[in-house]
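Fold and geometry: a report
Here is how the chains run, residue by residue.
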Amino acid sequence: DAKTTQPNSMESNEEEPVHLPCNHSTISGTDYIHWYRQLPSQGPEYVIHGLTSNVNNRMASLAIAEDRKSSTLILHRATLRDAAVYYCIPSDKLIFGTGTRLQVFP
Amino acid sequence: ETGVTQSPTHLIKTRGQQVTLRCSSQSGHNTVSWYQQALGQGPQFIFQYYREEENGRGNFPPRFSGLQFPNYSSELNVNALELDDSALYLCASSPQGARGYTFGSGTRLTVV
């Protein structure tokens, strides 16, 4: 399984952009990069996924490095509801690491 | 509404007992995975089923077993419960070819 490195925690103020980094230097050439988040007392929630190109959806944007060894999840305007643990998963097997705990302050 | 329903939401069992946890997925979701999440940790992959056959397994002993049924429901069975089995058990499902999984809210199992 590809090894993943994410910061343990990050902080943001409400309505500011948030860039959540992830290193996955051992990713397989054909595996997608998935991002999920888990709000308190809930199951994980799909956020976005991509292979090589940058991706956008209603929740976030995903910027993927050209060598695919890292990616960044971008929340364009953080809200209090975005406070969660964000998991970067560089594998189609959906193996979770420890994630990044995002705190959002009013 | 997530589209994946798990039951029961909470359960208390005694060490050595057996437990069955249930998951009901959306129609067409023929891939289902089960996860164990201890407090403060990320979800740990137990196994995955695709069209009623086991399609991958994590580092869990054989006393963790599963079933998937044609009606898109599935079960996680755990025999000989141990205190360390206390955790949140999550079910996630996906339609064939899709990349995103839908998770249920989980079953909180406490073993005493």
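Right above here is the structure, for reference.
Each value, and the rule that gives it
Residues numbered from 1 in each chain as written. Chains lettered and ligands numbered in written order. Predicted model: local features only at pLDDT ≥ 70, side-chain atom pairs only at ≥ 80, totals over all residues. Heavy atoms only, no water. Core = buried A, V, L, I, M, F, W, Y, C linked by side-chain atoms within 4.5 Å. Buried < 20%, exposed > 50% of the residue type's maximum accessible area, 1.4 Å probe, protein only. Helix = DSSP H or I, 4+ residues; strand = E, 2+ residues; numbered from the N terminus. Contact = heavy atoms within 4.5 Å. Buried area = accessible area lost by both parts, 1.4 Å probe. Salt bridge = Lys/Arg side-chain N within 4 Å of Asp/Glu carboxyl O. Polar contact = N/O pair within 3.5 Å; in protein donor to acceptor, adjacent residues only side chain to side chain. Nonpolar A, V, L, I, M, F, W, Y, C, P; charged D, E, K, R; others polar. Disulfide = S-S within 2.5 Å.

1. Re the nonpolar core
In terms of nonpolar packing, the biggest core is built from 20 residues, with Trp35, Leu73, Leu75 and Tyr86 of chain A touching the most fellow members. If you list the elements that add at least two residues to this core, you get strand 2 (18–23), strand 3 (33–38), strand 4 (45–50), strand 6 (61–64), strand 7 (70–75), strand 8 (84–89) and strand 9 (100–105) of chain A. Each residue touching tyrosine 86 of chain A, except ones within four places of it in the same chain, is listed here: Gln6, Leu20, Trp35, Tyr36, Arg37, Leu73, Leu75, Gly99, Thr100 and Leu102 of chain A. Counting residues in each nonpolar core, the second largest holds 19 residues, with Val19, Leu21, Phe64 and Ala87 of chain B among its members.

2. Let's talk about the interface of chain B and chain A
One frequently used descriptor of interface size is the decrease in accessible area upon assembly of the parts. Contacts between the two partners involve 14 residues from chain B and, on the opposite side, 15 residues from chain A. Summing both sides of the interface, chain B and chain A together bury roughly 1,200 Å²; the carbon and sulfur share of this comes to 57%. Its largest share of buried area at the contact with chain A, chain B owes to Arg99, Tyr101 and Phe103 of chain B, together 46% of the area lost on that side. Where chain B meets chain A, there are zero salt bridges. Our enumeration of links across chain B and chain A arrives at three residue pairs in polar contact (both at pLDDT 80 or more). For the side of chain B that touches chain A, the secondary structure elements donating two or more residues are strand 4 (31–37) and strand 5 (44–50) of chain B. Looking at side-chain class alone, the side of chain B that touches chain A contains six nonpolar, seven polar and one charged residues.

3. Observations concerning the state of the cysteines
Counting across every chain of the model gives two disulfides over all chains. Disulfide pairing places cysteine 22 of chain A opposite cysteine 88 of chain A at an S-S distance of 2.1 Å. One quick way to see it: the torsion about the S-S bond of cysteine 22 of chain A and cysteine 88 of chain A is about -80 degrees, and its sign makes the bridge left-handed. Of this pair, cysteine 22 of chain A sits in strand 2 while cysteine 88 of chain A sits in strand 8, and the two are 66 residues apart along the sequence. Classification of cysteine 88 of chain A as buried rests on a relative accessible area of 2%. Between the sulfur of cysteine 23 of chain B and that of cysteine 91 of chain B lies a disulfide, 1.8 Å long from S to S. What sets the handedness of the cysteine 23 of chain B and cysteine 91 of chain B disulfide is the S-S torsion sign, and at about -60 degrees it is left-handed. Here cysteine 23 of chain B, found in strand 3 (residues 19–24), pairs with cysteine 91 of chain B, found in strand 9 (residues 87–94); they are 68 residues apart in sequence, far enough to count as distant. Accessibility classification places cysteine 23 of chain B together with cysteine 91 of chain B in one group, the buried group.

4. Here we look at the pattern of salt bridges
Applying the stated rule across the entire model yields seven salt bridges over all chains. For glutamate 15 of chain A, the salt bridge identified is with arginine 77 of chain A, shortest N-O distance 3.2 Å. Highlighted residues: glutamate 15 of chain A in the loop between strand 1 (9–13) and strand 2 and arginine 77 of chain A in the loop between strand 7 and strand 8, separated in sequence by 62 residues. Here the two residues glutamate 15 of chain A and arginine 77 of chain A agree in accessibility, since each one is exposed. A salt bridge links arginine 22 of chain B to glutamate 75 of chain B; the shortest N-O distance between them is 3.6 Å. Here glutamate 75 of chain B lies in strand 8 (residues 73–78) and arginine 22 of chain B lies in strand 3, a separation of 53 residues in the sequence. Overall, glutamate 75 of chain B belongs to the buried group, its relative accessible area being 15%. Beyond isolated ion pairs, a larger network of salt bridges with shared partners links Arg37, Glu45 and Asp82 of chain A.

5. What to know about the environment of valine 112 of chain B
Residue and element names in this part refer to chain B. Within the fold, valine 112 resides in the segment after strand 11 (107–111). Relative accessible area serves as the criterion here: at 55%, valine 112 is assigned to the exposed category. Separated by 78 residues in sequence, valine 112 and tryptophan 34 have C-alpha atoms that sit 22 Å apart. In this view, valine 112 contacts Ile12, Lys13, Thr14, Arg15 and Leu83; residues no more than four positions away in its chain are not counted.

6. Description of the side chain of glutamine 48 of chain B
Mapped onto the elements, glutamine 48 of chain B comes out in strand 5. Dropping the residues within four chain positions of it, glutamine 48 of chain B is found in contact with Thr31, Val32, Ser33, Glu53, Glu54, Asn55, Gly56 and Tyr101 of chain B.

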